[in-house]
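Chain by chain, the residues run as shown.
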Amino acid sequence: MQTQIEIHTEPLNIQACIDWIMSPDSGGIDVFIGTVRNATKGKPVLKLEFEAYNKMAINEIEKITKQAFDKWPVQKVLVHHRTGTLQVGEIPVIIAVSAAHRDAAFEACRYIIDTLKQTVPIWKKEFFEDGEVWVAAHP
């Protein structure tokens with residue numbers, strides 16, 4: 001079970017994530033890159049601010065990645081999340097999964113991001129022209 005789970009305050013490095021997930025045994029690699037979009041429910045977003053309880057967040061992500069290894073024949077899993085203030089277009093999360101076959105990589109990657117949204121203690125504050133609001137990290 002090869003995993004790389006990290007929470008960063010600096011910008012995430014897409015190429016470093018891809019380089020780590022690559023494997024000669026992998027026939028399929030799925031990479032999810034979450035970006036800060038410019039609107040929520042039609043309302044312009046100025047920026048996002050992410051906060052995490054790092055120790056608990058990493059523990060929860062470890063549980064999720066173990067579940068992915070138990071459910072699918074995946075080879076490697078990477079989850080990097082960013083905290084701090086992010087502007088529109090910046091990357092708060094990268095998830096990468098490698099497997100011998102693409103179906104396992106796709107399914108495990110989707111499972112990881114969907115479960116992360118529901119269970120990991122990471123929160124975001126959305127900033128709008130008329131105020132801000134705290135919401136779950138990945139609603």
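In what follows, the structure referred to is the one given above.
Procedures and definitions
Residues numbered from 1 in each chain as written. Predicted model: local features only at pLDDT ≥ 70, side-chain atom pairs only at ≥ 80, totals over all residues. Heavy atoms only, no water. Helix = DSSP H or I, 4+ residues; strand = E, 2+ residues; numbered from the N terminus. Rg over C-alpha atoms; globule rule 2.2 N^0.38 Å. Buried < 20%, exposed > 50% of the residue type's maximum accessible area, 1.4 Å probe, protein only. Contact = heavy atoms within 4.5 Å. Areas by Shrake-Rupley, 256 points an atom, 1.4 Å probe, with all protein chains shown as cover. Lys, Arg positive; Asp, Glu negative; His and termini not counted. Charge placed at Lys NZ, Arg CZ, Asp CG, Glu CD. Expected span 1.5 Å × (residues − 1). Core = buried A, V, L, I, M, F, W, Y, C linked by side-chain atoms within 4.5 Å. Patch = residues over 30% accessible without salt bridge, like charges linked within 9 Å, V, L, I, M, F, W, Y side chains within 5 Å. Salt bridge = Lys/Arg side-chain N within 4 Å of Asp/Glu carboxyl O. Pairing = 2+ DSSP bridges.

J.: Any chance you could break down the overall build of the chain for me, citing the residues and the numbers?
T.: Counting its secondary structure elements, the chain contains 3 helices and 9 strands. If you list the helices and strands of the chain from N to C, you get β-α-β-β-β-α-β-β-β-α-β-β. Taken against the 2.2 N^0.38 rule, which gives 14 Å for 139 residues, the C-alpha radius of gyration of the chain at 15 Å falls within 12% of a compact globule. Summarising its shape, the C-alpha atoms of the chain cover approximately 50 × 25 × 25 Å along the three principal directions. Put simply, the chain has 139 residues, and 44% of those count as buried. Partitioning the contacts of the chain with sequence separation of at least 6, the portion at a separation of at least 24 is 75%. Carbon and sulfur atoms make up 50% of the accessible area of the chain, which totals about 7,600 Å². Averaging the coordinates of the 15 positive side-chain charges in the chain and doing the same for the 18 negative ones gives two points 4 Å apart.

J.: Before we move on, can you summarise the side chain of Gln-4 with the specific residues and values?
T.: With respect to the secondary-structure elements, Gln-4 resides in strand β1 (residues 2-8). Of the residues examined, Gln-4 reaches a relative accessible area of 19% and is grouped as buried. The contact partners of Gln-4, leaving out residues within four places of it in the chain, are Trp-20, Val-77, Leu-78, Val-79 and His-80.

J.: Tell me what's going on with helix α3 (residues 102-119), and back it up with residues and numbers.
T.: The terminal C-alpha atoms of α3 lie 26 Å apart, and with 18 residues this matches the ideal 26 Å at 1.5 Å per residue to within 8%. Here the buried face of α3 lies against β2 (28-34), α2 (54-71), β5 (74-82) and β7 (93-99).

J.: Kindly report on the nonpolar core, identifying the contributing residues and their values.
T.: Val-74, Val-77, Val-79, Ile-95, Val-97, Ile-112 and Val-120 are the most contacted members of the largest nonpolar core, which totals 30 residues. Ranked by the residues each element gives to this core, the list is headed by α3, at 7 residues. Apart from the residues within four sequence positions on either side, Ile-95 is in contact with Asp-30, Val-31, Phe-32, Leu-78, Val-79, Cys-109, Ile-112 and Ile-113. With 7 residues, the next largest nonpolar core counts Cys-17, Ile-21, Leu-78 and Ile-91 among its residues.

J.: Before we move on, could you go through a nonpolar patch on the surface and cite the residues and values that matter?
T.: Taken together, the side chains of Ile-14, Met-22, Ile-29, Val-31 and Ile-33 define a hydrophobic patch exposed on the protein surface, amounting to about 350 Å² of accessible area. Top contributing element to the nonpolar patch by residue count: β2, with 3 residues. Following the sequence through the fold, Met-22 ends up in the loop between α1 (14-21) and β2. Of the residues examined, Met-22 reaches a relative accessible area of 48% and is grouped as partly exposed.

J.: A description of the pairing of strand β4 (residues 43-52) should follow, citing residues and the corresponding values.
T.: Sheet topology note: the strand β3 (residues 39-40)/β4 ladder contains 2 bridges and is antiparallel. For Ala-39, the partnering residue across the bridge sits in β4 and is Pro-44. Bridging between β4 and strand β8 (residues 122-128) involves 7 bridges; their strand directions are antiparallel. If you follow Glu-51 over to β8, its bridge partner there is Trp-123. Pairing analysis gives 4 bridges linking β4 to strand β6 (residues 84-87), with the strands arranged antiparallel. From the neighbouring strand, Leu-48 faces β6, where its bridge partner is Leu-86.

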